[in-house]
Amino acid sequence: MPLPKVELHVHFDGALANDLLYKHLTTNCDIESLPNDVFLPWEPDEPLQVRSLLQSCKSLSEFNCLCQCKGERSLNAMLKCFEIFSPLVRGQFGVVVNQLLCCINWRPEWADEVVELAKEFRGLPSCAVVGVDIAAGEEHFDSINFPALHGPHYDAMQKAASMGIPVTLHAGENADPENVRKAVFLYGATRIGHGYRASDDPKFLKNVCVDRNIHFEVCPTSSLETGGWVGGEEATDWKKHPLVKMLKAKCSLSINSDDPTVFKTSLNEEIGIVRNDMMIAEDDIRGIMRKSMEASFASEETKRSIISKLNY
Ligand SMILES: [Zn+2]
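Only a predicted model underlies this, so the values are computations on that prediction, with no experimental measurement involved. (Residues numbered from 1 in each chain as written. Predicted model: local features only at pLDDT ≥ 70, side-chain atom pairs only at ≥ 80, totals over all residues.)

### A short note on the overall build of the protein chain
So the rule is basically this: Labels follow the DSSP assignment, with helices taken as runs of H or I lasting at least four residues and strands as runs of E lasting at least two, numbered in each case from the N terminus. Three exposure classes are used, all based on how many other C-beta atoms lie within 10 Å of a residue's own C-beta (placed from the backbone): buried at 20 or more, exposed at 12 or fewer, and partly exposed between those limits.
Each helix and strand counted, the protein chain has 14 helices and 8 strands in total. Buried residues in the protein chain amount to 34% of all 312 residues.

And the structure:
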């Protein structure tokens, strides 16, 4: 029997199949409706030439090489997609799917609306919104240098907490480990997306993360690709990955694919890396799956039902 799996950190817009997107592009997509270019806050001098990049794509393999999902998808559109997608996968494959709504670091003006949407759609079975997150950078943690990013995001997370909406935050991915501390103590997060930069501080792992049961959503391939974790000098020595340190410190953690399309991976491949390259035993991987489910923001009933399937 295959290992039952739990995944807590996979971006919907990073998980669309490339062949379906390419088919859409070459059949019924109005290229003129796409933005000509997109401003990237982290590359202010080089807007992304979306339309010409897509127009120059002559095959699926060229499209795969682009490996980016930059369509202008609004939160409302995403929610609609999810309402179609979620019942399909639930019914056909026995998969239970919930979603987090993600604020975007560089879009502070969206933060309050994201929390309002989470409130509105929370508890709607077809929509299954269970919490909120902030992705695409960590500058918002820096109230001194980025006050315009910090204020609205901090306020939005306070609002979420006051409404009882669970919070997980991307923090310590490839930025200041102090952001993990801020995520927990300032923003009220109970889960951390990535958090690799905090893994070299055993006291922090023990005194904060273990004692407060803070859960780490670890994404192995993503961590290597983004520079969140810098592997060994010659070859990638996965046995030195932060996941191994976190596990040794008895932290609660999960294994995730993050953006499987972007990173050309899957949950199965990520579990394979943990098993075969990090040399984590099968029993420990089962333990990780149980901890993942315990840390999920699903209803208690859903959690009990899935944990009973994991405990065979
Ligand atoms: Zn992420």
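### Examining the sheet that holds strand β6 (residues 191-194)
Convention followed: At least two bridges found by DSSP between two strands are what make those strands a pair. Working convention: axes come from line fits to C-alpha atoms, limited for helices to the stretch in contact. Angles between N-to-C directions cover 0 to 180 degrees. We call two residues in contact if the C-beta atoms placed from their backbones are at most 7 Å apart.
Reading across the sheet, the 4 strands line up as β5-β6-β7-β8 and stay open at both edges, with parallel pairing between neighbours. The open sheet has two edge strands with one neighbour each: β5 (168-171) and β8 (252-255). Shown here is a sheet whose adjacent strand axes are inclined to one another by a mean of 25°, direction ignored. Docked against the sheet, helix α13 (residues 282-295) engages β6, β7 (215-218) and β8, running at close to 105° with respect to β8.

### Section: unusual backbone geometry
Not every positive phi belongs to a glycine, and A136 is a case in point at roughly 70°. Summarising the element assignment, A136 is placed in the loop between β4 (129-135) and α6 (147-162). Residue K264 is not a glycine yet carries a positive backbone phi of 50°. Tracing the chain through its elements places K264 in the loop between α11 (260-263) and α12 (267-277). Of the residues examined, K264 has 13 C-beta atoms within 10 Å and is grouped as partly exposed.

### Here we look at the packing of helix α5 (residues 111-121) against α6
Two packed helices can be described by the angle between their axes and the distance between those axes. The cut-off we apply is this: Throughout, the term roughly parallel applies to angles under 35 degrees, roughly antiparallel to angles over 145, roughly perpendicular to angles from 65 to 115, and oblique to all others. Helix crossings fall into two classes, left-handed where the near helix is turned counterclockwise from the far one by less than a right angle and right-handed where it is turned clockwise. By the convention adopted, Pro, Cys, Tyr, Trp, Phe, Met, Ile, Leu, Val and Ala count as nonpolar, Lys, Arg, Asp and Glu as charged, and the other residues, Gly among them, as polar.
Two numbers describe how α5 lies on α6: the axes approach to 8 Å, and their chain directions differ by 15°. Put simply, α5 runs roughly parallel to α6. For the element pair α5 and α6, the recorded crossing hand is right-handed. Of α6, the residues touching α5 (which contributes A111, D112, V114, V115 and A118) are P152, H153, A156, K159 and A160. A class-by-class count of the residues in the contact of α5 with α6 yields 7 nonpolar, 1 polar and 2 charged.

The analysis is restricted to geometry; functional conclusions fall outside its scope.
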